[in-house]
Amino acid sequence: MESTLKIHNSLSREKEVFKPINEGHVGMYVCGPTVYSDVHLGNCRSFTSFDVIFRYLKYLGYKVRYVRNITDVGHLEGDNADISAEDKISKKARLEKLEPMEIVQHYTNGFHAMMRIFNNQPPSIEPRATGHIIEQIEMVRSILKSGYAYEANGSVYFDTIKFAKENEVYGKLSGRVIDDLMAESRDDLKNQDEKRHPSDFAIWIKADPKHIMRWPSEWSEGFPGWHLECSAMSTKYLGRTFDIHGGGSDLKFPHHENEIAQNYGACGCAPANYWMHGNMLLMNGRKMAKSDGNTITPQQLFTGDSPHISKGYSPMVVRFFMLQSHYRSTLDLTDEALQAAEKGYRRLMEGNKLLQSMPHPGNTQAGPLDEELQQLMQQVKAEMDDDFNTPKALAVLFELVTKINSLKAGHLPIQEVSESTFQQLKKTLSDYIYEVLGLKDEMEAAGNGDGPVDGLMDLLIDIRQQARANKDFDTSDKIRDALKELGIVLKDSKEGTTWTKG
RNA sequence: GGUUGGGUGGCCGAGUGGCUAGGCAGAGGUCUGCAAAACCUCGUACGGCGGUUCGAAUCCGCUCCCAACCUCCA
């Protein structure tokens, strides 16, 4: 497979030509959610970005194994979390008087439901940390064996200083300066006296007596540290070194940096060739934060039940809104921007619908327009090949929509468009909109539905046409206005009248 | 304080050393019974100050501001 795909690699901070380890196959690991609360809208953006990446890789013909984990143990509360902190799931379970696995199940279900609402495809494998305790213990053993970890009071810590001294890789991804790291004195340890150095992190944590989640091991009854699950599960399902590792940019440090250290520590090799990081979602130019009220849940966004927005926006409008920015840029969520996205989304979908309903007249001869269309279609792919540039790809799709509308209106000569280009255009547009970008048509289409509505609409349109023919504009406008009240918009054209919802 | 990434027209958002991004909003026009939709035309935008260059929003330096992560303080 000749690949022209370029991916921005966070490790090199440059766009690199994508070369998979196994020709035609891609192994991709994306850090999934810690299921201790409802999905955050920012997470939805991140997973949507990787969904499009997953979709496009498949569109290119790759056989993709997409692994996205569920973290259901090990992620600790608080900053610089360690032995003194509490596991997020465990804490929630204690507060709500539920089994930890009830918490996990509840929020996993919610997460899945939300992914479906955003039309994100499920990953190929979705492993859970608690389902891979054995693999994680195995990995702790390997790291201990290679000398990059030490045991203290039943917990096991990764020795970052030793690792950093002996390997060039620590800090490379996040740009940490190792000298600064080492310069931190032992006085910084405070009550983390089990650690030899502040930057060391736990890979196995001895459970204190009141901790609910615990598994036996040779070091203690305890649980694995956060970061370890991803190292263990990516290795298990994708191999020691695989193609793409993704996640939100907030995971670069410490999570991904430590993951890399663990994998090197366990097998002496890099986990992934390409690291990809999505950027954050802002609202009104500031970060979303519950503390100052600058936050909105996906549900509120859909219903409009929030002081930050004037109305509800459908999931596909939100998805389209996200796709209009590049995954590596921050995206500012504002009411105005969402309104613009809603109109843009509809314009795109209407354009495609119109195209799909247009017949080719036959007897045409390819002219300049034919070539122009061919060029635009190639450009869509070129934009996606350039580090999944969805905003540029969309811009080109909009140029095609303008052409389509002009063809329909007779402003552009359809005689210049060959049958094969026309069919190709139909396929390209719908492939990109539905398969690659993962948009869905939320508007009920006219004409191809079932049930009595279509018949009723035909009748109303017919009555209105007659009224117009009789210059009875009171009646015709009454029909149009009343339908508009019901959310149905009539569109008149030379060929007749069509209708759309919304 | 450190690391990383940003500051683009009314809003969102691409991009690039000289050639139209795109969407939305706005102005004018075409079409229409009137609208809507659609099409055509229109905006001398690139945080600030210097520098390099024939030419910079795009490269360099300084400065201000924003965000994420980390650190410090509490």
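Summarised in this report is the structure supplied together with it. (Residues numbered from 1 in each chain as written. Chains lettered and ligands numbered in written order. Predicted model: local features only at pLDDT ≥ 70, side-chain atom pairs only at ≥ 80, totals over all residues. Heavy atoms only, no water.)

Considering soluble globular proteins, one finds that nonpolar side chains tend to be buried as a cluster. By size, the foremost hydrophobic cluster in this structure holds 131 residues, and its most contacted members are Leu-41, Leu-57 and Leu-439. Aside from chain neighbours lying at most four places away, what touches Leu-439 is Asn-119, Met-316, Arg-319, Phe-320, Leu-323, Tyr-345, Leu-348, Met-349, Ile-433 and Tyr-434. By size, the runner-up hydrophobic cluster in this structure holds seven residues, among which are Met-457, Ile-461, Ile-479 and Ile-488. (Core = buried A, V, L, I, M, F, W, Y, C linked by side-chain atoms within 4.5 Å. Buried < 20%, exposed > 50% of the residue type's maximum accessible area, 1.4 Å probe, protein only. Contact = heavy atoms within 4.5 Å.)

With that settled, the discussion passes to the packing of aromatic side chains. Between two aromatic rings, the relevant description is the distance of the centres plus the angle of the planes. For the structure on display, the rule yields 19 aromatic pairs. Put simply, the rings of Tyr-148, Phe-158, Phe-163, Tyr-170, Phe-201 and Tyr-264 pair up and form one aromatic cluster. A cation over an aromatic ring shows up here: Arg-68 above the ring of Phe-47, its NZ or CZ 5.2 Å from the ring centre. (Phe/Tyr/Trp six-rings, centres within 6.5 Å; stacked < 30°, edge-to-face > 60°. Lys NZ or Arg CZ within 6 Å of the ring centre and 35° of its normal.)

Attention shifts here to the environment of Ser-146. Of note, Ser-146 is situated in the loop between α4 (133–145) and β5 (149–152). The spatial distance from the C-alpha of Ser-146 to the C-alpha of Cys-267 is 8.5 Å, given a sequence separation of 121 residues. When residues no more than four places from it in sequence are discounted, the contact partners of Ser-146 are Lys-162 and Gly-265. Reaching out from Ser-146, the side chain makes a polar contact with the backbone oxygen of Ile-143 at a distance of 3.1 Å. (Helix = DSSP H or I, 4+ residues; strand = E, 2+ residues; numbered from the N terminus. Polar contact = N/O pair within 3.5 Å; in protein donor to acceptor, adjacent residues only side chain to side chain.)

Our next topic: the layout of surface pockets. A volume near 1400 Å³ is recorded for the largest pocket. Looking at the largest pocket, it is lined by 50 residues, and the ones nearest its centre are Tyr-36, Asp-38, His-40, Asn-43 and Asp-250. Within the residue set of the lining of the largest pocket, elements represented by two or more residues are α1 (41–59), α3 (100–117), α7 (228–238), β9 (242–248), β11 (281–283) and α9 (298–303). Broken down by element, the lining of the largest pocket gets its largest block of residues, seven residues, from α1. Its residues assigned to classes, the lining of the largest pocket comprises 24 nonpolar, 19 polar and seven charged. (1 Å grid on protein atoms, 1.4 Å probe; cavity = no way out; pocket = protein on both sides within 12 Å on 5 of 7 lines; lining within 4 Å. Points joined across faces, edges and corners; volume = space filled by probe spheres on them. Nonpolar A, V, L, I, M, F, W, Y, C, P; charged D, E, K, R; others polar.)

Turning our eyes to something else, we now look at the protein's contact with RNA strand B. Within the structure, RNA strand B sits among 45 residues, and Ser-174, Lys-287, Asp-332, Lys-392 and Asp-492 are positioned closest to it. Within 4 Å of the protein, the atoms of RNA strand B are drawn from sugar and phosphate moieties in a proportion of 73%. In the environment of RNA strand B, a sugar or linking oxygen lies 3.2 Å from a nitrogen or oxygen atom belonging to the backbone of Gln-324. Arg-468 is positioned such that a nitrogen or oxygen atom in its side chain is 3.3 Å from a base oxygen of RNA strand B. Looking at the surface near RNA strand B, the elements with two or more residues in it are α8 (252–267), β13 (331–333), α11 (335–357), α13 (390–409), α16 (473–485) and β14 (488–493). Sorting elements by how many residues they give to the surface near RNA strand B places α13 first, with seven residues. Its residues assigned to classes, the surface near RNA strand B comprises 13 nonpolar, 16 polar and 16 charged. (Near = heavy atom within 4 Å.)

Looking now at the pairing of strand β2 (residues 14–17). Relative to β2, strand β1 (residues 6–9) runs antiparallel, the two sharing four bridges. Bridge pairing in β2 places Asn-9 opposite Glu-14. Where β1 folds back onto β2 in an antiparallel hairpin, the turn is made up of four residues, including Arg-13, whose phi is positive at roughly 60 degrees. (Pairing = 2+ DSSP bridges.)

The subject of this paragraph is the state of the cysteines. Applying the stated criterion across every chain, the model contains one disulfide. Each sulfur in the disulfide pair Cys-267 and Cys-269 lies 2.4 Å from the other. Every disulfide takes its handedness from the sign of the S-S torsion; for Cys-267 and Cys-269 that torsion is -95 degrees, giving left-handed. Since its relative accessible area comes to 25%, Cys-267 is described here as partly exposed. (Disulfide = S-S within 2.5 Å.)

Strands sit in the order β5-β6-β7-β8 across an open sheet of four strands; the sheet is antiparallel. In this open sheet, the two strands that pair with only one neighbour each are β5 and β8 (222–224). Between one strand axis and the next, the sheet turns by 20 degrees as a mean value, whatever way the strands run. Here strand β6 (residues 155–158) runs beside strand β7 (residues 201–206); their pairing, made up of three bridges, is antiparallel. (Axes fitted to C-alpha atoms, helices over the stretch in contact; angles between N-to-C directions.)

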